[in-house]
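Take a look at the letters that make up each chain.
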Amino acid sequence: MTNFAAALVAKDKVLVGNADAFNNKMARIRNAGAEEIQCVFDFDATISKHKHNGETAASCHTALEKTLGEEKFSEMVELRNKFIKIEFDPSLTAEEKSPHMTTWWSTAHKKIVEHNVQKSTIQESVRNSAIHIRENEAEFFKLLEASFSLHS
């Protein structure tokens, strides 16, 4: 089995909290094949713009959250309101924020998975969203696609 965690950490750009768990997940992803993978990025507007023409734009998670129904969407808003304060608290270090951010995204992902979001729902949510991708992100997705092609 490839040691994905060690390869990433060796690049001095990635921190991996639990290398064994990470390696197991990466092996399952690789073994599943490209046909079984759905990549959901942009929890916090990393790939998408936070603002577009002066208006708050949606992230991919925001678009998915809106498909969950009113009650679950309200839960997601509560989660965001709780953790966004921590994310932008200037008195906390990155190390202090990190466990809270992990709790935030893992809880949000769990709620989306529990809702059993289908591929057609994802496609519809993107079509109906206010997502605006940052410049040059198409290149990132081309690299991702090429990477999966190389490892399939």
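Residues numbered from 1 in each chain as written. Predicted model: local features only at pLDDT ≥ 70, side-chain atom pairs only at ≥ 80, totals over all residues. Heavy atoms only, no water.

(A) Expanded view of the overall build of the chain. Broken down by element type, the chain carries seven helices and two strands. Counting from the amino terminus, the chain carries its helices and strands in the arrangement α-α-β-β-α-α-α-α-α. Among the 152 residues that make up the chain, the fraction classed as buried is 22%. Within the chain, contacts between residues separated by at least 24 positions form 54% of all contacts whose residues are at least 6 apart in sequence. Carbon and sulfur atoms make up 54% of the accessible area of the chain, which amounts to about 11000 Å² in all. (Helix = DSSP H or I, 4+ residues; strand = E, 2+ residues; numbered from the N terminus. Buried < 20%, exposed > 50% of the residue type's maximum accessible area, 1.4 Å probe, protein only. Contact = heavy atoms within 4.5 Å. Areas by Shrake-Rupley, 256 points an atom, 1.4 Å probe, with all protein chains shown as cover.)

(B) Looking closely at the packing of helix α4 (residues 70–87) against helix α5 (residues 94–114). α5 packs onto α4 with a crossing angle of 170 degrees between their chain directions and a minimal axis gap of 10 Å. Between α4 and α5, the angle falls in the class roughly antiparallel. Facing α4, whose interface residues are Lys-72, Glu-75, Met-76, Leu-79, Arg-80, Phe-83, Ile-84, Ile-86 and Glu-87, α5 presents Lys-97, His-100, Met-101, Thr-103, Trp-104, Thr-107, Ala-108, Lys-111, Ile-112 and Glu-114. (Axes fitted to C-alpha atoms, helices over the stretch in contact; angles between N-to-C directions. Parallel < 35°, antiparallel > 145°, perpendicular 65-115°, else oblique.)

(C) Broad picture of the nonpolar core. Formed by Leu-64, Leu-68, Met-76, Leu-79, Phe-83, Ile-86, Met-101, Trp-104, Ala-108, Ile-112 and Val-117, the largest nonpolar core amounts to 11 residues. Of all the secondary-structure elements, those providing two or more residues to this core are α4 and α5. (Core = buried A, V, L, I, M, F, W, Y, C linked by side-chain atoms within 4.5 Å.)

(D) Structural view of helix α2 (residues 19–32). With 14 residues, α2 should cover 20 Å at 1.5 Å per step; its first-to-last C-alpha distance of 20 Å lies within 8% of that length. Measuring from the backbone nitrogen of Asp-20 back to the side-chain oxygen at the start of α2 gives 3.3 Å, which picks out Asn-18 as the cap. A positive backbone phi angle near 90 degrees is found at Gly-33, which sits one or two residues after α2. (Expected span 1.5 Å × (residues − 1). Polar contact = N/O pair within 3.5 Å; in protein donor to acceptor, adjacent residues only side chain to side chain.)

(E) Representation of the pattern of salt bridges in the model. This model, assessed by the stated rule, comprises three salt bridges. Note that Glu-114 and Lys-72 form a salt bridge whose closest N and O atoms lie 4.0 Å from each other. Taken together, the residues Glu-114 in helix α5 and Lys-72 in helix α4 connect sequence positions 42 residues apart. Note on Glu-114: relative accessible area 49%, which makes it partly exposed. (Salt bridge = Lys/Arg side-chain N within 4 Å of Asp/Glu carboxyl O.)

(F) Fine view of α5. In a regular helix each residue adds 1.5 Å, so 21 residues correspond to 30 Å; α5 covers 29 Å between its end C-alpha atoms and thus fits that length. Three or more residues of α5 are buried, namely Lys-97, Met-101, Trp-104, Ala-108, Lys-111 and Ile-112. Contacts made by the buried residues of α5 are with α3 (60–65) and α4. A positive phi of about 55 degrees marks Asn-116, the residue just after α5.

(G) Representation of the side chain of Lys-97 within the structure. With respect to the helices and strands, Lys-97 occurs in helix α5. Among the polar contacts made by the side chain of Lys-97, one reaches the main-chain carbonyl oxygen of Glu-87 at a distance of 2.8 Å. In contact with Lys-97, other than residues within four places in its own chain, are Ile-86, Glu-87, Phe-88, Asp-89 and Leu-92.

(H) Broad picture of the confidence of the model for the chain. Put simply, the chain has an average pLDDT of 80, and 82% of its residues get 70 or more. Helix α1 (residues 4–10) is the least confidently modelled element of the chain, averaging 67 in pLDDT, while α4 averages 91, the highest of any element. (pLDDT = per-residue confidence, 0-100.)

(I) Molecular detail of unusual backbone geometry. One non-glycine residue, Asn-53, adopts positive backbone phi at about 55 degrees. Its place among the elements puts Asn-53 in the loop between β1 (51–52) and β2 (55–56).

(J) Structural context of the side chain of Glu-65. Mapped onto the fold, Glu-65 is located in helix α3. For Glu-65, a relative accessible area of 3% gives the class buried. Glu-65 has contacts with Phe-73, Met-76 and Arg-80, leaving out every residue within four places of it along the chain.

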